[in-house]
Amino acid sequence: MVFSGLFPADAGEYDDLRTALEKLKLNDASLSFEPEVSDALGFGYRCGFLGLLHMEIIQERLEREFNLSIVTTSPNVKYLANLKDGTQEEVQRPALLPEPKFLESLMEPIVTAEILTPVDYIGNVMKICEEKRGKYKSTQYLSKSKVQLIYDLPLGEILFDFYDRIKSGSKGYASFDYTFKEYKESKLDKLDILINKEPVDALSMICSKKDSYHRGLALCQKLKELIPRHQIQIPIQASIGTRVIARTNIAPFRKNVTEKLYGGDVTRKNKLLQKQKKGKKRMRTIGRVEVPQEALLAVLKI
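Just so you know, these numbers come straight off a predicted model, no measurement behind them.

Engineer: I tried to follow the pattern of salt bridges on my own but got confused; where do I start?
Structural biologist: Side chains that differ in sign of charge can pair as their charged atoms come close. Per the stated rule, a full pass over the model turns up 14 salt bridges. Glu36 is the partner of Arg46 in a salt bridge, and the nearest nitrogen-oxygen pair spans 3.9 Å. Of this pair, Arg46 sits in strand 3 (residues 42-49) while Glu36 sits in strand 2 (residues 32-38); the two residues are ten residues apart in sequence, bridging distant segments of the chain. No difference in accessibility class separates Arg46 from Glu36, as the two residues are buried. When the shortest N-O distance is used, the salt bridge between Arg133 and Glu157 registers 3.1 Å. Of this pair, Arg133 sits in the loop between helix 3 (122-131) and strand 9 (135-141) while Glu157 sits in the loop between strand 10 (146-154) and helix 4 (162-169), and the two are 24 residues apart along the sequence.

What follows is the structure in structure tokens.
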């Protein structure tokens, strides 16, 4: 299953969201949901779907049939965490991943993908599969113009843009199907995003060790464009555990407090600047940054 968090944009619609999900479950037994609390988004539900298409259909029905405005976190798959005490835990979202000191290894779901494509586009399709950490299995020519490629791919890698890229790389001629194979131990990292030095659990993700730096850097740059400026400087950081791997800053608005000065001693100017500095320091300690829905969806575009 693919898991995603659904949260009401208005906290007062929490009960309405629960009622709507219960009604949808009456004629869709494959939908599952349970209550969830997020530090960034408040109270909502963790929902399980049979793929991204199923998730989009449920979202559309909630908005059209029940007139709900919902905030959706990035979809993710279920991982298995092997702990040092010999036990195993299911991890349905990155925020629930045990700390590294307790974690022995992490297992991710692997699927067997069957891709049918014209012969002319074999190179493009194989390149996309390699970028998604795919493991080549076999090639079978079905005719002079059509070929079947078999790859083992991590399910978490093909959630977002894999199908779109396959279609683009084959000019729309390729088709793609997959079946679940097994859970396999992999080298993975939990990537956390901190906004104004506060972790945002809705933006956390589990990704490959070799991709973590590039994803963290790209996500910081994207959030810098989407989060509005404030009166104070807002640092955006990507971290793995306690190690910050990427950082960018949103510049503050600047007010010219010395504009009305018409002369006199320089100490007058310095006094006003020091007063402004103290005020911004106080704002930094009590200020709260609101993250727009577009920023939460930025994870999908990285």
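Here the narrative resumes, following the displayed structure.
Engineer: What's the story with the nonpolar core in this structure? I'm lost.
Structural biologist: Nonpolar side chains tend toward joint burial in soluble globular proteins. Tyr79, Leu106, Ile115, Leu153, Ile158, Phe162 and Ile166 are the most contacted members of the largest nonpolar core, which totals 27 residues. In terms of residue count, the dominant contributor to this core is strand 8 (residues 103-118) (five residues). Aside from chain neighbours lying at most four places away, what touches Ile158 is Val111, Leu153, Phe176 and Tyr178. Ile195, Ala202, Ile227 and Ile245 belong to the second largest nonpolar core, which has 19 residues in total.

Engineer: Honestly, the side chain of Thr248 in this entry has me stumped. Any pointers?
Structural biologist: Looking at the secondary structure, you find Thr248 in strand 16 (residues 243-250). Its relative accessible area of 8% is what places Thr248 among the buried residues. Those residues in contact with Thr248 that sit more than four places away from it in its chain are Cys220, Gln221, Lys224, Ile234, Pro235 and Ile236.

Engineer: Teacher, can you tell me more about the side chain of Asp152 here?
Structural biologist: Looking at the secondary structure, you find Asp152 in strand 10. Among the polar contacts listed, one links the side chain of Asp152 to the side chain of Lys181, at a separation of 2.7 Å. For Asp152, the contacting residues outside a window of four places in its chain are Ile110, Val111, Thr112, Arg133, Gly134, Lys135, Lys137 and Lys181.

Engineer: What exactly am I supposed to notice about the environment of Leu97 here?
Structural biologist: With respect to the secondary-structure elements, Leu97 resides in the loop between strand 7 (88-91) and strand 8. Overall, the relative accessible area of 12% leaves Leu97 in the buried class. Between the alpha carbons of Leu97 and Ile206 there is a distance of 9.1 Å; along the sequence they are 109 residues apart.

Engineer: Please clarify how the environment of Gly51 should be interpreted in this entry.
Structural biologist: As for its position among the elements, Gly51 is in the loop between strand 3 and helix 2 (52-65). The spacing of Gly51 and Val2 is 49 residues in sequence and 5.5 Å in space, taken between C-alpha atoms.

Engineer: How should the packing of helix 3 against helix 4 be read in this particular structure?
Structural biologist: Describing two packed helices takes the angle between their axes plus the distance from one axis to the other. The geometry of helix 3 relative to helix 4 is characterised by a closest axis approach of 9 Å and an angle of 155 degrees between their N-to-C directions. When the axes of helix 3 and helix 4 are compared, the pair comes out roughly antiparallel. Crossing of helix 3 over helix 4 shows right-handed handedness. Residues Asn124, Val125, Ile128, Cys129 and Glu131 of helix 3 form the contact with helix 4, whose participating residues are Phe162, Arg165, Ile166 and Gly169.

Engineer: What's the story with the confidence of the model for the protein in this structure? I'm lost.
Structural biologist: Interpretation of this model should avoid reading the predicted coordinates in detail wherever pLDDT is low. On average, residues of the protein score 83 in pLDDT, and 89% of them reach the 70 mark or higher. Within the protein, the lowest mean pLDDT, 60, falls on helix 8 (residues 298-301), and the highest, 93, falls on strand 10.

Engineer: For this particular structure, what's the right way to read helix 3?
Structural biologist: Every α-helix winds through 3.6 residues per turn, so residues three or four apart in the chain are directed the same way. Turning to helix 3, its buried residues number three or more, namely Ile122, Val125, Ile128 and Cys129. In a view along the axis of helix 3, the buried residues occupy a sector of 135 degrees, so they form one face of it. Packed against the buried residues of helix 3 are strand 8, strand 9, strand 10 and helix 4.

Engineer: What is the right way to look at the pairing of strand 8 in this model?
Structural biologist: Every regular strand shows the same layout, with side chains that alternate between the two sheet faces. The element strand 8 is largely enclosed, with a buried count of twelve among its 16 residues. Bridging between strand 6 (residues 79-83) and strand 8 involves four bridges; their strand directions are antiparallel. Paired with Leu80 across the two strands is Met107, which belongs to strand 8. Of the strand pairs in this sheet, strand 8 and strand 11 (residues 175-186) are connected by eleven bridges, and their pairing is antiparallel. Directly across from Val111, in strand 11, lies its bridge partner Phe180. Examined bridge by bridge, strand 8 and strand 10 share nine bridges and lie antiparallel to one another. In the sheet register, Ala113 faces strand 10, and the bridge partner there is Tyr151.

Definitions and cut-offs
Residues numbered from 1 in each chain as written. Predicted model: local features only at pLDDT ≥ 70, side-chain atom pairs only at ≥ 80, totals over all residues. Heavy atoms only, no water. Salt bridge = Lys/Arg side-chain N within 4 Å of Asp/Glu carboxyl O. Helix = DSSP H or I, 4+ residues; strand = E, 2+ residues; numbered from the N terminus. Buried < 20%, exposed > 50% of the residue type's maximum accessible area, 1.4 Å probe, protein only. Core = buried A, V, L, I, M, F, W, Y, C linked by side-chain atoms within 4.5 Å. Contact = heavy atoms within 4.5 Å. Polar contact = N/O pair within 3.5 Å; in protein donor to acceptor, adjacent residues only side chain to side chain. Axes fitted to C-alpha atoms, helices over the stretch in contact; angles between N-to-C directions. Parallel < 35°, antiparallel > 145°, perpendicular 65-115°, else oblique. Left-handed = near helix turned anticlockwise from the far one by under 90°. pLDDT = per-residue confidence, 0-100. Arc of directions from axis to C-beta. Pairing = 2+ DSSP bridges.

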